[in-house]
Amino acid sequence: MKGAPVSPPWAQQDELELPHLWQKPTFQELFKCLQGLRQELPVWNLNMPRAEIIRQREEEQQASAAHDRREIVSFLSAIVSSGLAWLESDDEREEVWSEASKRLAERCGRTAMGDITRCWPFKDREYGAFDLAIREPSITGDSLGLKTWGSSYVLAQLLHKFVAGPLAHLFPTDGGPGGKTKPSEILELGSGTGLLGLAAACIWRTHVFLTDLPTIMPNLAYNADLNLATAEERGGHVDAAALTWGSNEEEETDPQFTAGNRFQLILVADPLYDDDHPALLAGAIDGQLGLGPDSRALVMVPQRDEITKGLTGALREEMARQTSPLVCVSECLVPGQDDWETRGDDDETANVGFWWGVFKRQQNIACSS
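The rules behind each value
Residues numbered from 1 in each chain as written. Predicted model: local features only at pLDDT ≥ 70, side-chain atom pairs only at ≥ 80, totals over all residues. Heavy atoms only, no water. Phe/Tyr/Trp six-rings, centres within 6.5 Å; stacked < 30°, edge-to-face > 60°. Helix = DSSP H or I, 4+ residues; strand = E, 2+ residues; numbered from the N terminus. Buried < 20%, exposed > 50% of the residue type's maximum accessible area, 1.4 Å probe, protein only. Pairing = 2+ DSSP bridges. Right-handed = clockwise from strand over helix to strand, strands pointing away.

Per an unreviewed UniProt entry, the protein chain goes by Methyltransferase-domain-containing protein and derives from Lasiosphaeria ovina.

1. Notes on the packing of aromatic side chains
In total, this model carries eleven aromatic pairs according to the counting rule given. Residues Phe162 and Trp356 carry aromatic rings whose centres are separated by 4.8 Å and whose planes lie at 75° to one another, so their mutual orientation is edge-to-face. With Phe162 in helix 6 (residues 150-162) and Trp356 in strand 10 (residues 350-361), the pair connects residues that are 194 residues apart, well separated along the chain. Just as Phe162 is buried, Trp356 falls in that class too. Between Phe209 and Phe257, the aromatic rings sit 6.2 Å apart at their centres with planes inclined by 85°, giving edge-to-face as the arrangement. Of this pair, Phe209 sits in strand 5 (residues 207-212) while Phe257 sits in the loop between strand 6 (237-242) and strand 7 (265-269), placing them 48 residues apart in sequence. Judged by relative accessible area, which is 1%, Phe257 ranks as buried.

2. Comments concerning the pairing of strand 8 (residues 296-303)
In terms of burial, strand 8 is a largely internal element, eight of the eight residues being buried. Here strand 8 shows two buried faces, one formed by Arg296, Leu298, Met300 and Pro302 and the other by Ala297, Val299, Val301 and Gln303. Relative to strand 8, strand 7 is paired through five bridges, and the arrangement is parallel. Within strand 8, the residue paired with Val268 across the bridge is Val299. A crossover connection joins strand 7 to the parallel strand 8 through helix 9 (residues 277-288); in handedness this β-α-β unit is right-handed.

Structure (C-alpha cells):
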C-alpha cells in the first residue's frame, strides 16, 4: 500500500473543499481531506472538569453551519457506501473507508466520539516538573476504572511528602542502616487509568506495577506505554498487568503475582464502591504485601457520604482480620475535588475530604494522625 500522509489537519473544516467522488480523487487526495475533517481531541488540563470538556466539544460542533455539517456527513456517508473502484488496491480502499467511518463516529455524540486525553501537571521543588497524559475512554456500564478519579491526583500530589513522613523508613536519604535503599518494586492495586502509579514512578524514581481487572487492562497498558518515557527519564519504570482481587485464575491475574508477599509498598486510591470491596481489597493487600516489619500499604478513600465512610470503616476491620493482621499506623483527612457525580449544570466537581491511611503488619502500635 502507498504510504498515507501523516501531516496534521491541513485546513479548518469550514475552509475545506470536499472532493467530488465522480471526479475519482486519488487516495492521497481523499486521505488528506479525511485527515482535515478530523475532530481532534485536545489534551486538557485538570482545571477543566470532564463535563466542561464534553460541553465545549458540543459547542464547537454546533458552531459550524448546519448546511456544512450536513454536507460533511453526506460526503462521509458517500465514501462509506462507495465501492471506490478507481483506487489502486484493496488496502487503499480499506484505509479510506476506515478513516471516513471514524470521522462519522466523531460526529455521533459522546459515546461514539472516542477518547478524552487529559494532561495532569506535577510541579514541586522536591522533584521538579512533569506532565502525565492520561487517556480516558467513554464510560459504559460499570467501567468505573476507565475514568481518572480525583483521589488519584490528590494522593499523587502528596507522594513526595510521605517520603519525609510515614514512609520515610522506606526512602532513606543516606542509604539508611546497612546501606538500606528504597523499594525496587511498588505495586498499585486498582490502578484504573494509571495516574497514581505513573506519578509514583516519576516522583519516587522506582519500578511501579500498575494492575486492575482484565477489562481495564487495554487502556491501562496504553497509558503505561504513553508515559513510559517520562517515567524512565526521571529514573522510574512502569509495567501493567492484570490482578483481580480474590482470584488467582491465570486469565484474571497475571502469574507473576501468584507467589505473593512480594512488595514492600502497595498503593491504592478510591478502591471501595460495593459492600464486598473491603474484604476483597484487604485480602489482596494481605496476599501481596511483604511480611517484614517495614512493609506498608498506603490507601486513600474519598469520604463522599455516609456510605463511603462506612466502607472505610469496614476496610479497617477487614485489614485487622487477615491472618497476619494489618493495622493503621498513620492517617489524615485532606481536602480535594471530586467529580463522582454531577453537582450542578455548571460544574461537576465537589469539595470532598480524602482520607488516607498507612497500614503495616501488626506491631501493637496505635494509629495516630
